[in-house]
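In case you want the letters, here they are:
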Amino acid sequence: MRRLAILVALTGLATASQAMAADDGATIYKRCAACHLADGSGVPGAFPPLKADVRSLAATAAGRRYLALVVIRGVSGPITVGGKAYRGTMPAQAGLNDAQVAAVLNHVIRGAAAKPFTPREIAGYRAGSAGLNSAAVARLQPGIAGK
Ligand code: HEC
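Residues numbered from 1 in each chain as written. Predicted model: local features only at pLDDT ≥ 70, side-chain atom pairs only at ≥ 80, totals over all residues. Heavy atoms only, no water.

Caption draft 1: Looking closely at the nonpolar core. Residues Tyr66, Leu67, Val75, Leu105, Phe117 and Ile122 are the most contacted members of the largest nonpolar core, which totals 37 residues. Mapped by element, the contributors of at least two residues to this core are α2 (25-36), α3 (52-57), α4 (61-73), β2 (79-81), α5 (98-108), α6 (119-126) and α7 (134-139). Here this core takes seven residues from α4, the largest share from any one element. In contact with Tyr66, not counting residues within four places along its chain, are Leu57, Val75, Ile79, Val137, Leu140, Gln141 and Pro142. (Core = buried A, V, L, I, M, F, W, Y, C linked by side-chain atoms within 4.5 Å. Buried < 20%, exposed > 50% of the residue type's maximum accessible area, 1.4 Å probe, protein only. Helix = DSSP H or I, 4+ residues; strand = E, 2+ residues; numbered from the N terminus. Contact = heavy atoms within 4.5 Å.)

See the structure below:
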């Protein structure tokens, strides 16, 4: 009986910490860090940095839609980031719900002047995006002024 109680308590703890992890932007970002690195500086020519350009993109309506769709649908260039060309492929980050996409993007743009992403905003971009493949998402990348 006591063993069962301990097991139930432990299971409850594990579930609570998983729920916390699943919605925390920094935790979700760990899957991005495999390519973009923990500090978002990327690998030149292979994995673009998630720095100044992403923060600029988050300041415009077209840029915000592009950022959300990169995560939801993936992106397959040519795209230009930090003035450098990228012709790789980022796979769609399947399994992230709207709240998680908002959280990870807010983690990436933290410190930027842009307003935070909301789950409702992400839901709007997701709606109707099923027909977009990663190459179509690349064509949605708005140019960054001055680059
Ligand atoms: C398997 C490697 C990989 C993972 C994991 C990955 N990315 Fe990417 N990401 C890429 C590549 C490669 C590109 C550039 C694709 C190209 O060359 O067209 C890219 C491009 C981007 C861009 C476009 C940047 C710009 O300025 O246009 C954003 C934003 C981005 N990734 C965010 C994320 C986020 C957020 C995550 C985690 C939820 C993530 N990525 C996970 C490989 C990855």
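Caption draft 2: The arrangement of the packing of α4 against α6 in detail. Remark: α4 packs on α6, axes separated minimally by 9 Å, with the N-to-C direction vectors making an angle of 80 degrees. What the angle tells us is that α4 and α6 run roughly perpendicular. On the side of α4, the interface is formed by Ala61, Arg64, Arg65, Ala68, Leu69 and Ile72, while α6 contributes Glu121, Ile122, Tyr125 and Arg126. By residue class, the composition of the contact of α4 with α6 is six nonpolar, no polar and four charged. (Axes fitted to C-alpha atoms, helices over the stretch in contact; angles between N-to-C directions. Parallel < 35°, antiparallel > 145°, perpendicular 65-115°, else oblique. Nonpolar A, V, L, I, M, F, W, Y, C, P; charged D, E, K, R; others polar.)

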